[in-house]
Amino acid sequence: MSTGRILEPTTESIEHCARHLQRGGLVGMPTETVYGLAADACDDDAVRQIYRAKSRPAGNPLIVHVSRPEQAQRFTEGWDAQCQRLADTFWPGPLTLVLPRSGRASDVVTAGHPTVAVRSPAHDVARALIEATDRALVAPSANQSGHVSSTTAAHVVSEFPELAFPVLDGGMCALGIESTVLDLTGEHPIVLRPGAVTARALRNVLPDLEVPVIGEQGASPGTSPRHYAPNTPTVLVTASQIEDRLAECTTPATVLSIGPRKVTGPHVAVEMPDDPDAYARRLYAGLREADESDGMLILVESPPWTDGLWRAINDRLQRACVPPLSP
Ligand code: TXA
Ligand code: MG
């Protein structure tokens, strides 16, 4: 059932959203990673609206979403056999490629940088929307800049309560964590943002891949260390520190625990799964739930694992726990 701005994805609602995009509007678009806030990639005024809606710094470029590799090629220069192999292996899917830009990628999309990011999402509704619009779509994650990303249509509406753009309901995102961003413009391919396409999977195609240490990357322009952050102060703690930290708290705290954890009132626990796929899928909903609880502090139980998808999860958790800059 469609309620207000949230539209059940049907041929009609997708056509309606496609016309809205062609006229320069914004649409909340489900993808397999997180929900995006979409606009026509070739309409600079529409793209500027995205920066305004998110309060996104003007220097932080957007990802161009396409339904086919040929569409991506038109926004890039130097699409070679290696790019084609990456697209053949990982697209449609959660891998974003950064390449030199062509004239089709505007300064607003690339934030004035000489490169452009492209990806082909694996969600049926996103693909149908790109096809129906017959344009490539820019789509940053559908959240206020620096805040927790959205993995349901309701999250998108809660991030933009004042705006009336429609949101296509594609259900809860299957992966729950943003795409891997791979920069192909340097001497060696380098991961700028870890995601569901892991370093191990990439190395099968790119033996000379570079993967920076978590917390030391940040080579993506316009990004700040603090990101994906709840409004409530949030800190990472090891499982063994939780009891002592709670004992020190004079006001209610919320523990984002891995598996069940008994905590005594006024503190509460929000339980997260110990399986990486399930943890990633629930990551942003869990952070939102903790943010909305009565806790004045969120204690995130640090996952002790670092391989595969845990790398991307730990990257997001570390950034969510960076304190805001004092005014
Ligand atoms: O999974 C995703 O990638 C989601 C869904 C909606 O597709 N989108 C997303 O977009 O996460 P956004 O804007 O929230 O994050 C894009 C990231 C940012 O870190 C940005 O700096 C980086 O990609 N990026 C975009 N263009 C770039 C470029 N030309 N060079 C380097 N990094 C770039
Ligand atoms: Mg984002």
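How each quantity is defined
- Residues numbered from 1 in each chain as written.
- Chains lettered and ligands numbered in written order.
- Predicted model: local features only at pLDDT ≥ 70, side-chain atom pairs only at ≥ 80, totals over all residues.
- Heavy atoms only, no water.
- Helix = DSSP H or I, 4+ residues; strand = E, 2+ residues; numbered from the N terminus.
- Rg over C-alpha atoms; globule rule 2.2 N^0.38 Å.
- Buried < 20%, exposed > 50% of the residue type's maximum accessible area, 1.4 Å probe, protein only.
- Contact = heavy atoms within 4.5 Å.
- Areas by Shrake-Rupley, 256 points an atom, 1.4 Å probe, with all protein chains shown as cover.
- Lys, Arg positive; Asp, Glu negative; His and termini not counted.
- Charge placed at Lys NZ, Arg CZ, Asp CG, Glu CD.
- Pairing = 2+ DSSP bridges.
- Axes fitted to C-alpha atoms, helices over the stretch in contact; angles between N-to-C directions.
- Arc of directions from axis to C-beta.
- Polar contact = N/O pair within 3.5 Å; in protein donor to acceptor, adjacent residues only side chain to side chain.
- Parallel < 35°, antiparallel > 145°, perpendicular 65-115°, else oblique.
- Left-handed = near helix turned anticlockwise from the far one by under 90°.
- Nonpolar A, V, L, I, M, F, W, Y, C, P; charged D, E, K, R; others polar.
- Domains from an automatic or database assignment.
- Buried area = accessible area lost by both parts, 1.4 Å probe.
- Near = heavy atom within 4 Å.

Asks: In this structure, what is going on with the overall build of the protein chain? I would like to understand it.
Replies: When helices and strands are tallied, the protein chain shows 11 helices and 14 strands. Taken over C-alpha atoms, the radius of gyration comes to 20 Å for the protein chain, in line with the 20 Å a tight globule of 327 residues would show. For the protein chain, the spread of C-alpha atoms along the principal axes amounts to about 60 × 50 × 40 Å. For the protein chain, the proportion of its 327 residues judged to be buried stands at 54%. A fraction of 67% describes how many contacts in the protein chain between residues 6 or more apart in sequence connect residues 24 or more apart. Accessible surface, the protein chain as shown: approximately 14000 Å² in total, 52% of it carbon and sulfur. If you average the places of the 28 positive and of the 39 negative side-chain charges in the protein chain, the two averages end up 3 Å apart.

Asks: Explain the sheet that holds strand E11 (residues 234-237) here, please?
Replies: Hydrogen bonding along the main chain pairs the strands of a sheet, whether they run parallel or antiparallel. Spatial strand order, E11-E14-E12-E13: four strands in an open sheet with parallel pairing. Looking at the sheet topology across the chains shown, the edges are occupied by E11 and strand E13 (268-272). Taking each pair of neighbouring strands and ignoring which way they run, the sheet shows an average axis angle of 25°. Strand direction decides the pairing type here: strand E12 (residues 253-258) and E13, joined by five bridges, are parallel. When the sheet's bridge partners are listed, Leu 256 is paired in E13 with Val 270.

Asks: Would you mind showing me how to read helix H2 (residues 44-54) here?
Replies: Every α-helical turn comprises 3.6 residues, leaving residues that sit three or four positions apart pointing alike. Every buried residue of H2 is listed here: Ala 46, Val 47, Ile 50, Tyr 51, Ala 53 and Lys 54. Viewed end-on, H2 has its buried residues packed into an arc of 170°, placing them on one side of the element. In H2, the exposed positions that point more than 90 degrees away from the buried face belong to Asp 45 and Arg 52. Where H2 is buried, its residues contact strand E3 (36-40), helix H5 (107-110) and strand E7 (137-138). Where H2 begins, the capping side chain belongs to Asp 43, and its oxygen is found 3.2 Å from the backbone nitrogen of Asp 45. Of the residues trailing H2, Ser 55 is marked for its positive phi of about 50°.

Asks: Quick question: what am I supposed to make of the packing of helix H10 (residues 276-292) against helix H11 (residues 309-320) here?
Replies: Helix-helix packing: each pair is described by the crossing angle between the helix axes and the interaxial distance. Interhelical geometry of H10 versus H11 gives an angle of 20° and a closest axis separation of 9 Å. The orientation of H10 relative to H11 falls into the category roughly parallel. Our pair here, H10 against H11, has a crossing hand that is left-handed. On H11, the residues that touch Pro 276, Asp 277, Tyr 279, Ala 280, Leu 283, Tyr 284 and Leu 287 of H10 are Leu 309, Trp 310, Ile 313, Arg 316, Leu 317 and Ala 320. A breakdown of the residues in the contact of H10 with H11 according to their chemical character gives 11 nonpolar, no polar and two charged.

Asks: Teacher, can you tell me more about the domain arrangement of the protein chain here?
Replies: Where interface size is quoted, it is often the accessible area lost as the parts come together. Under the domain assignment used here, the protein chain contains domain 1 (6-203) and domain 2 (234-320). Here domain 1 and domain 2 have C-alpha centroids that lie 29 Å from each other. When domain 1 packs against domain 2, close to 1400 Å² is buried across both sides, 60% of that on carbon and sulfur atoms. Counting the surface domain 1 buries against domain 2, the share from its top three residues, Val 148, Ile 177 and Pro 194, is 37%. In this structure, the connection of domain 1 to domain 2 is made through nine residue pairs in polar contact (both at pLDDT 80 or more).

Asks: Hey, could you run me through the site of ligand 1 in this one?
Replies: Neighbouring residues of ligand 1: 26 residues in total, closest Thr 33, Asn 60, His 65, Ser 179 and Ser 220. With respect to ligand 1, the side chain of Arg 56 contributes an N or O atom lying 2.9 Å from an oxygen atom. Side-chain polar atom of Ser 141 to an oxygen atom of ligand 1: 2.9 Å apart, as the coordinates give it. Contact with the protein chains covers 96% of the free accessible surface of ligand 1, which is 690 Å².

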